[in-house]
Amino acid sequence: MRSAVGLLLVAGVALSAAACGSDDGGEAPASDPNAKVTLVINGLPPDTEAVNRKHFLDNVAEFEKLNPNIDVDAKEGKMDPQTFQSKLAGGQLEDVFYVYFTDPGSLIAKRQVADISKYLDEFAPTKEIRPDLMKIFSDDGGKVYGLPAKNYSLGLLYNRELFEKAGLDPNSPPKTWEEVRTAAKKIAGLGKDYVGYGDYSKNNTGGWHFTAEMYSLGGDIAVNNGGTWKAAFNDDKGKQVLQQLKDMRWTDNSMGARQLLEWADLLQMMGSGKLGMYVAAPDNIETIVNQFKGDFNKYGLGPIPNGTATLAGGEGYMFNAKATPEKIRAGLKWLTYWWNNPDRIEAEYQWAAEQKTPVGLPEPALWTGDAKAKQQAAIDKLKNLPVENYKPFADATANIPLKLEPPNAQQIYAVLDVPMQKVLTDKNADIAKLLADAETQVNSILASVK
């Protein structure tokens, strides 16, 4: 539902196994280190993002200076499922291309990406990337087909000032959904127009948040049993999510009368100073400040309540299945020059600070070990935000498993909008029937997933 933004730190055509490459043991194929290589990549920001575009191209120029045998041909655009297959079939797919975390599994299964496992020993920074993120770009046998570049997860965004006014501790946000309900009642009790807790229910955002709340309780939206996907939310956890929202809306009156909210609505309400809490990613704070007249000092961020798992996402890069050894090595040089280079973390934060971009918003770290320490040191040196406000989220992040969206997520979210809408607009909503009806529709959607 969201574009993963922030600092970089950091289907159809079947290809043959030979085109993919395979890891049969031994070393990576040899290539001429001096051979001239033109590396086609995407992810170039458009002209409308002039500052980011210039920064990208400046880095390309510096990389080419350091690697005179590599010419980088940077294209605009990211992963578009509507055009990917035609680009692949027409031989127009870039050598190294941008993907969301929801893409690698399908591309690997269809053998549409190159196995880069044998090359990774030549690029030390790849060894410091978090194993759980590398797993997203790997198959069940451990072969690797790409690298992560950024990631995010959802937590509980809250107004610290309203917490204080309601007698709540702004340094200790709710840790469970029961505590969320209690805190929401206190905030709503501050007076007319105060909303204790907000949630989405329109334009796929309701289904997105239902998914996040299911994950927080240890539930699932869909599970794969023996190669067949089935809906998994029509259970006690699904009922718990909807019942809590129904109770908060109609029994406690802590969610306000205005419903059928979509993405910008909760950000606007938080910026107005009248909303206590909602589930969000850290980058919402920057948007609230920049677009809805918010104040960085007013907001805190805690972990997702209950914390069994949190909905996460992100982006990375994969390699064209037809890429030659020369192209794969050039691509890995590019990625470990910029996106996956812990030695450049401080320089990137410095650039961001100079652009008046926030430094210090908490995101799940890309790195482990010494690289992670370098990142934290750079944040401590260059932070321009009240990072102590986000400490509850940052402290909990490493202990909450990341969980990705279900297959065909947007179609499923559209279906799950309906139960969210009903419990928030109809005090007589039948939760069991809503979940049963949604289960039937989602199973129909999942029937096409292979």
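Reading the values: rules and limits
- Residues numbered from 1 in each chain as written.
- Predicted model: local features only at pLDDT ≥ 70, side-chain atom pairs only at ≥ 80, totals over all residues.
- Heavy atoms only, no water.
- Helix = DSSP H or I, 4+ residues; strand = E, 2+ residues; numbered from the N terminus.
- Expected span 1.5 Å × (residues − 1).
- Bend = angle between axes of the 7 residues up to and from the residue.
- Buried < 20%, exposed > 50% of the residue type's maximum accessible area, 1.4 Å probe, protein only.
- Polar contact = N/O pair within 3.5 Å; in protein donor to acceptor, adjacent residues only side chain to side chain.
- Phe/Tyr/Trp six-rings, centres within 6.5 Å; stacked < 30°, edge-to-face > 60°.
- Lys NZ or Arg CZ within 6 Å of the ring centre and 35° of its normal.

An unreviewed UniProt entry annotates the protein chain as Sugar ABC transporter substrate-binding protein originating from Asanoa siamensis.

> Help me get a handle on helix H16 (residues 409-425), residues and values and all.
With 17 residues, H16 extends 24 Å between its outermost C-alpha atoms, agreeing within 8% with the 24 Å of an ideal straight helix rising 1.5 Å per residue. Its maximal kink placed at valine 415, H16 deviates by approximately 25°, while the proline proline 419 follows within four residues. Buried within H16 we find Ala409, Ile412, Tyr413, Val415, Leu416, Asp417, Pro419, Met420, Val423 and Leu424.

> Break down the environment of aspartate 121 for me, citing the residues and quoting the values.
One can find aspartate 121 in the loop between helix H4 (104-109) and helix H5 (131-136). The exposed category is assigned to aspartate 121, whose relative accessible area is 65%. Spatially, the C-alpha atom of aspartate 121 lies 9.3 Å from that of glutamate 27, the residues being 94 residues apart in sequence. Within polar-contact distance, the side chain of aspartate 121 engages the side chain of lysine 127 at 2.8 Å.

> Go over the packing of aromatic side chains, please, and point to the residues and values.
Following the criterion strictly, the structure yields 15 aromatic pairs and no others. The interplanar angle of 85° and the centroid separation of 5.3 Å between the aromatic rings of tyrosine 98 and tyrosine 100 together place this pair among those described as edge-to-face. Among the residues examined, tyrosine 98 registers a relative accessible area of 2% and is labelled buried. The exposure class assigned to tyrosine 100 is partly exposed, which follows from its relative accessible area of 28%. Arranged with centres 5.7 Å apart and planes meeting at 70°, the rings of tryptophan 334 and tryptophan 338 form a pair that is edge-to-face. Looking at tryptophan 334, the relative accessible area reads 1%, which means it is buried. Taken together, the ring pairs in this structure connect Phe56, Phe63, Tyr98, Tyr100, Tyr317, Trp334, Tyr337, Trp338 and Trp339 into an aromatic cluster. Seen from the ring of tyrosine 215, lysine 403 lies directly overhead, with NZ or CZ sitting 4.8 Å from the centre.

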